[in-house]
Amino acid sequence: MTETVPVPQGLPMQRDAGPFAPPSEITRLRAARPVSPLVFPDGHEGWLVTGYDEVRQMMADTRFSSRQDIGVLHMPYETGMPAQTEPSPPMPGMFVAMDPPDHGRLRKRLTGAFTVKRMKQLEEHIVEITEQHLDAMAKLVPPVDLVKEFALPVPSLVICELLGVPYEDRENFQASSAQLMVRDQTLEEKMAAFIGMNTFLTELVTRKRETPGDDILSDLGRYDDLTIEELAGAAFLLLLAGHETTANMLALGTFALLEHPAQLAELRADAELLPGAVEELLRYLSVADIFFRYATEDLELGGETIRAGSTVIVSLLAANRDPRRFENPDTLDLHRNARGLLSFGHGIHQCLGQQLSRIEMRAGFEGLLRRFPTLALAVPADEVKLKTDMNIYGVHELPVTW
């Protein structure tokens, strides 16, 4: 029998149990009712899914739609796209917000660009980029901000090279993408950032179609059935996802390791722990936490009946910390087998760039710990500025010394 628990009025967001822990209210809800009713700030009633099995089942079921226009009036926490006041089709090319068959038509154009084999071929170059930034950081006088000097520029340069985006334009698109990640902002602020980034990418893909190079956007531009608007939308998604998540993982992951000195010492002593350590950090931190789905028909999930039209919020962080799936889930354990983690999603929308992200993290953490054996926080841990105001979690700055 389902335990009676108070229905949350809005999504619990306060991280009151520490910088790496889920909100304690979400943890409580998962234990009591993994599929919980939720009341949105506008009074709309929906659902919050926090259990591992329930999240995995839901994300594999395409009857839970990804189309934002279905639930557009009730998206107070949605990421990326500006809020709308009435339903409209998804932005062209934004395949993460599409359902089959439209989703498959666009995604299949990109699967060849992000194969494990191709990513492994890029690994040596990614290590070179990482080492170059570590060289530059070593010449600075500490303390330095690890986000500014390392965690953000490395994945930014990698995705720029892959897509064919001029790296000298990074300040503009990084400012726009950061603004789009702000949770509480005016529609005017979000629209300005969206329009700025979309205008830049529309001009870029138009040039790529006219004069292609050796990059992913040029490859996409060769498909005659893709419009300029679709190319710009796909570029928008790839550029945003291609540096925001990895940058936050590198910075927040370093913070987590520095706050777990015994685990850090083991990782320094045994490089073979690194691949597993990356998987465990992905599980433990789950920086891209909240996702939305919309029920297209009456559905059963976790013993609950989800009515057609309901908005359903998924917490990947809560699922990755579910004790029914992972033993002692709130402990960072670099020896853990974190197989089955949901940090890159699940089902048809599972992250295309997950292998690229893993390679960047392995190169980043290995290089950072090797080059800076005495790395330490330059401020008390409680003074680190957390991205509690953003839709992808991390740190705004990470002052470090050595």
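Computed from a predicted structure; not experimentally measured.

Chemist: What should I look at first to understand the nonpolar core in this one?
Modeler: In this structure, Val165, Phe236, Leu285 and Leu398 are the most contacted members of the largest nonpolar core, which totals 94 residues. Considering every element that reaches this core, the biggest residue donor is helix α10 (residues 228–258), with 17 residues. Core analysis: the second largest hydrophobic core is formed by 18 residues, Trp47, Leu301, Ile306 and Ala319 among them.

Chemist: Just to check I follow, could you spell out helix α11 (residues 261–269) for this structure?
Modeler: Because the α-helix completes a turn every 3.6 residues, residues three or four places apart line up on one side. Considered for burial, the residues of α11 that qualify are Gln263, Leu264 and Leu267. Buried residues along α11 cover an arc of 100° about the axis, so they all sit on one side. Within α11, the exposed residues directed more than 90 degrees away from the buried face are Pro261, Ala262 and Ala269. On its buried face, α11 sits against α10, α12 (274–285) and α14 (354–371).

Chemist: Sorry if this is basic, but what is going on with the packing of aromatic side chains here?
Modeler: Remark: the centre distance and the inter-plane angle together describe each pair of aromatic rings, the angle taken between the planes. Enumeration over the complete set of coordinates arrives at six aromatic pairs. In textbook terms, an aromatic cluster arises when at least three aromatic residues are bridged by ring pairs, as seen for Phe20, Phe255 and Tyr284. Looking at Arg15, its charged tip hangs above the ring of Tyr393, at a distance of 3.5 Å from the centre. Sitting above the plane of the Tyr167 ring, Arg170 keeps its charged end 4.1 Å from the centroid.

Chemist: What is the right way to look at the sheet that holds strand β10 (residues 399–401) in this model?
Modeler: Consider a sheet: its strands pair through backbone hydrogen bonds, and that pairing is either parallel or antiparallel. The strand order β4-β10-β9 describes an open sheet built from three strands, whose pairing is antiparallel. At either margin of the open sheet sits one strand with a lone partner, and together these are β4 (144–145) and β9 (376–377). When β9 meets β10, the two strands line up antiparallel, connected through two bridges. Bridge assignment links Leu377 to a residue of β10, and that residue is Val400.

Chemist: Would you explain the pattern of salt bridges in this entry?
Modeler: Any two side chains of opposite charge can pair, given that their charged atoms come close. By the definition in use, this model includes 20 salt bridges. Salt bridges linked by common partners bring Glu131, Asp135, Glu366, Arg370 and Arg371 together as one network.

Chemist: Would you explain the packing of helix α4 (residues 116–138) against helix α6 (residues 153–163) in this entry?
Modeler: Interaxial distance between α4 and α6 falls to 10 Å at its minimum, and their mutual angle equals 140°. Between α4 and α6, the angle is such that the two are oblique. The interaxial crossing formed by α4 with α6 has right-handed handedness. Between α4 and α6, the contacting residues are Leu122, His125, Ile126, Ile129, Thr130 and His133 on the first element and Pro153, Val154, Leu157, Val158, Glu161 and Leu162 on the second.

Chemist: How do you make sense of the packing of helix α7 (residues 170–180) against helix α8 (residues 187–210) when you look at a structure like this?
Modeler: At a minimum axis distance of 9 Å, the contact between α7 and α8 shows a crossing angle of 140°. Regarding the angle of α7 to α8, the classification is oblique. Handedness of the crossing formed by α7 with α8: left-handed. Where α7 abuts α8, its residues Phe173, Ser176, Ser177, Gln179 and Leu180 lie against Glu189, Lys190, Ala193, Phe194, Met197 and Phe200. Here the residues of the contact of α7 with α8 are counted per class, giving six nonpolar, three polar and two charged.

Chemist: Looking at this structure, I do not really get the pairing of strand β2 (residues 45–49). What am I missing?
Modeler: When a strand is regular, its side chains alternate between the sheet's two faces. Summarising burial for β2: four of the five residues are buried, a large majority. Where strand β1 (residues 35–39) folds back on β2, the antiparallel hairpin that results is connected by five residues, among which Gly43 adopts a positive phi of roughly 95°. Two strands pair when backbone bridges link them, and β2 and strand β8 (residues 311–315) are joined in this way by three bridges, in the parallel orientation. Paired with Leu48 across the bridge in β8 is Ile313.

Chemist: Could you clarify how one ought to interpret the sheet that holds β8 in this entry?
Modeler: The strand order across the open sheet formed by five strands is β1-β2-β8-β5-β3, and the pairing between neighbours is mixed. Looking at the sheet topology across the chains shown, the edges are occupied by β1 and β3 (64–65). Pairing of β3 with strand β5 (residues 290–295), which is carried by two bridges, proceeds in the antiparallel orientation. When the sheet's bridge partners are listed, Ser65 is paired in β5 with Tyr294.

The rules behind these values
- Chains are numbered independently. Their residues run from 1 in the order of the written sequence.
- Only residues with pLDDT of at least 70 get local features here, since the model is predicted, and only at 80 or more are side-chain atom pairs given and counted; chain-wide, interface and lining totals rely on the full set of residues.
- To obtain the side-chain values, all non-hydrogen atoms of the structure were used and water was disregarded.
- Only buried residues count toward a nonpolar core. Its members are Ala, Val, Leu, Ile, Met, Phe, Trp, Tyr and Cys residues joined through side-chain atoms within 4.5 Å.
- Accessible area is worked out with a 1.4 Å probe on protein chains only. A residue is then buried under 20% of its type maximum, exposed over 50%, and partly exposed in between.
- The helix count covers DSSP runs of H or I at least four residues long, the strand count covers runs of E at least two residues long, and both are numbered beginning at the N terminus.
- Note that the arc is computed from the directions linking the helix axis to the C-beta atoms.
- A contact between two residues is defined here by any heavy atoms of the two lying within 4.5 Å.
- Here the aromatic set is Phe, Tyr and Trp, taking the six-membered ring for Trp, and pairing holds for ring centres within 6.5 Å; pairs whose planes are under 30 degrees apart are stacked, those over 60 apart are edge-to-face, and all others are tilted.
- Here, over-ring charges are defined by two tests on the NZ atom of lysine or the CZ atom of arginine: distance to the ring centre within 6 Å, and angle to the ring normal within 35 degrees.
- One requirement defines pairing of two strands: DSSP has to find at least two bridges between them.
- A carboxyl oxygen of Asp or Glu within 4 Å of a side-chain nitrogen of Lys or Arg is what we treat as a salt bridge.
- The axes used here are C-alpha line fits, helices contributing only the stretch in contact, and every angle between their N-to-C directions lies in the interval 0 to 180 degrees.
- Roughly parallel means an angle under 35 degrees; roughly antiparallel means over 145; roughly perpendicular covers 65 to 115; every other angle is labelled oblique.
- The crossing is said to be left-handed when, going from far helix to near helix, the turn is anticlockwise and less than a right angle, and right-handed when the turn is clockwise.
- Asp, Glu, Lys and Arg are counted as charged, while Ala, Val, Leu, Ile, Met, Phe, Trp, Tyr, Cys and Pro are counted as nonpolar; the rest, among them Gly, fall into the polar class.

Limitation: the analysis is restricted to geometry and does not speak to function.
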